[in-house]
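Structural features, examined
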Amino acid sequence: DEQIERERVSQHLSGGCCALAAVYLMGKFYVANAGDSRAIIIRNGEIIPMSREFTPETERQRLQFLAFLRPELLGKEFTHLEFPRRIQPKELGKKMLYRDQNMNGWAYKKIEEDDLKFPLIYGEGKKARVLATIGVTRGLGDHDLKVFSSNIHIKPFLSCFPEVRVYDLTQYEHCPDDVLVLGTDGLWDVTNDKEVAEVVMEVLTSYEPNDPCRYTMVAQELVVRSRGVLKERGWRLANDKLGSGDDISVFVIPLGGPGNYT
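All residue numbers here refer to positions counted from 1 along the written sequence of the relevant chain. With the structure being a predicted model, the display of local features is reserved for residues of pLDDT at least 70 and the display and counting of side-chain atom pairs for 80 or more, all residues being used for whole-chain, interface and lining totals. With hydrogens and water stripped out, all remaining heavy atoms of the structure feed into the side-chain values.

Per an unreviewed UniProt entry, the protein chain is named PPM1J phosphatase, and its organism is Turnix velox.

**Details of a nonpolar patch on the surface**
A residue counts toward a patch only above 30% relative accessible area and without a salt bridge, and it is joined to like-charged neighbours within 9 Å or, for Val, Leu, Ile, Met, Phe, Trp and Tyr, to nonpolar neighbours within 5 Å. The Shrake-Rupley method, run with a 1.4 Å probe, gives the accessible areas here. Residue values count only the displayed protein chains as cover. Definition used for salt bridges: Asp or Glu carboxyl oxygen within 4 Å of a side-chain nitrogen of Lys or Arg. Together, Val-23, Leu-25, Met-26, Tyr-30, Val-164 and Val-166 make up a nonpolar patch on the protein surface, roughly 590 Å² of accessible area in all. In DSSP terms, a helix is any run of H or I states spanning at least four residues, a strand is any run of E spanning at least two, and both are numbered starting from the N terminus. When contributions to the nonpolar patch are tallied by element, the ones reaching two or more residues are β2 (19-25) and β13 (163-168). For Val-23, the position within the fold is in strand β2.

**Digging into the domain arrangement of the protein chain**
Structurally, the protein chain comprises domain 1 (1-53 + 162-254) and domain 2 (59-141). Domain boundaries shown here were taken from an automatic or database domain assignment. For domain 1 versus domain 2, the separation of C-alpha centres amounts to 32 Å. Two residues qualify as a contact provided that any one of their heavy atoms is within 4.5 Å of a heavy atom in the partner residue. Residue-level contacts link 14 residues of domain 1 with six residues of domain 2. Buried area, as used here, totals the accessible surface that two parts lose on assembly, with accessibility defined by a 1.4 Å probe and the loss added over both. Counting the surface lost from both domain 1 and domain 2, the interface buries some 800 Å², and carbon and sulfur atoms represent 56% of this. There are three salt bridges connecting domain 1 and domain 2. Salt-bridge contacts for Lys-126 lead to Asp-185; the nearest nitrogen and oxygen are separated by 3.3 Å. Any pair of nitrogen or oxygen atoms within 3.5 Å is treated as a polar contact; in protein, a donor-acceptor pairing is required on top of that, and neighbouring residues in sequence qualify only through side-chain atoms on both sides. Across the contact surface, domain 1 and domain 2 share four residue pairs in polar contact (both at pLDDT 80 or more).

**Quick word on the sheet that holds strand β4 (residues 38-43)**
Two strands qualify as a pair provided that DSSP identifies no fewer than 2 bridges between them. Taken in spatial order, the four strands make up an open sheet running β5-β4-β14-β17, and their pairing is antiparallel. Edge positions in the open sheet fall to β5 (46-49) and β17 (250-254), since each of these has one partner strand only. Neighbour to neighbour, the strand axes of the sheet diverge by 20 degrees on average, direction disregarded. Across four bridges, β4 lies against β5 in antiparallel orientation. Within the sheet, the bridge partner assigned to Ile-42 lies in β5 and is Ile-47. Sheet contacts for helix α4 (residues 193-204): β4, β5 and β14 (179-183); angle to β4, the most-contacted strand, approximately 50 degrees. Only the stretch in contact is used when a helix axis is fitted, and all axes are lines through C-alpha atoms; the angle between N-to-C directions ranges over 0 to 180 degrees. The strands touched by helix α5 (residues 214-227) are β14 and β17; relative to β17, the strand with the most contacts, the crossing angle is about 150 degrees.

The following block contains the structure:
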């Protein structure tokens, strides 16, 4: 992250990205995730999550706590408190549900002038945004990103530190159909873990266990199915729902060699 910050000045580069990495070391897989990509292991048909997405919703309390400690990061436009909906000026003095950095549930408070400011986190699901700008809360770069038409920087709320999960390969016997799947949010926006596992098994069983191309073909099939087919109303999936509008990158990594196959 610091290197990206240096290069933005020396090479006139800007922007940022999420990061998902898998490292194999001494019999163990270390999967590190900073952002909204996802990794799962499929072992004997069982799905084992190896990451979780970092979004305004999943990191609400961390973001609110930072804003509570450093209110100057919000300028004079935002509040760290969360409400079920935008508050209207006519609701001043009335009671409404809210939650702060210490709360999992909701409580009532009397609406004050400061509560009319735009909330630090607004929206739900894929539409949730930090400071009305960005929908992911961990990643690399984005040092120059600001709230539109303001001097409020987004970077203080973005963490470059990943969450790391460890999987011990020596604890299990793996066959060639056991895999680690890494995918960007373009895949997971339109496909869930179970559907991915079904595609993995469907494609792998159509190839010989010793065929090294089978894993590449699984990744390709996952990309194609998530993108969909171009029709008159845009890219559509097999169920006629909208295909993924985001970038789709997929890696499928085998956990067991042909010698383990039974």
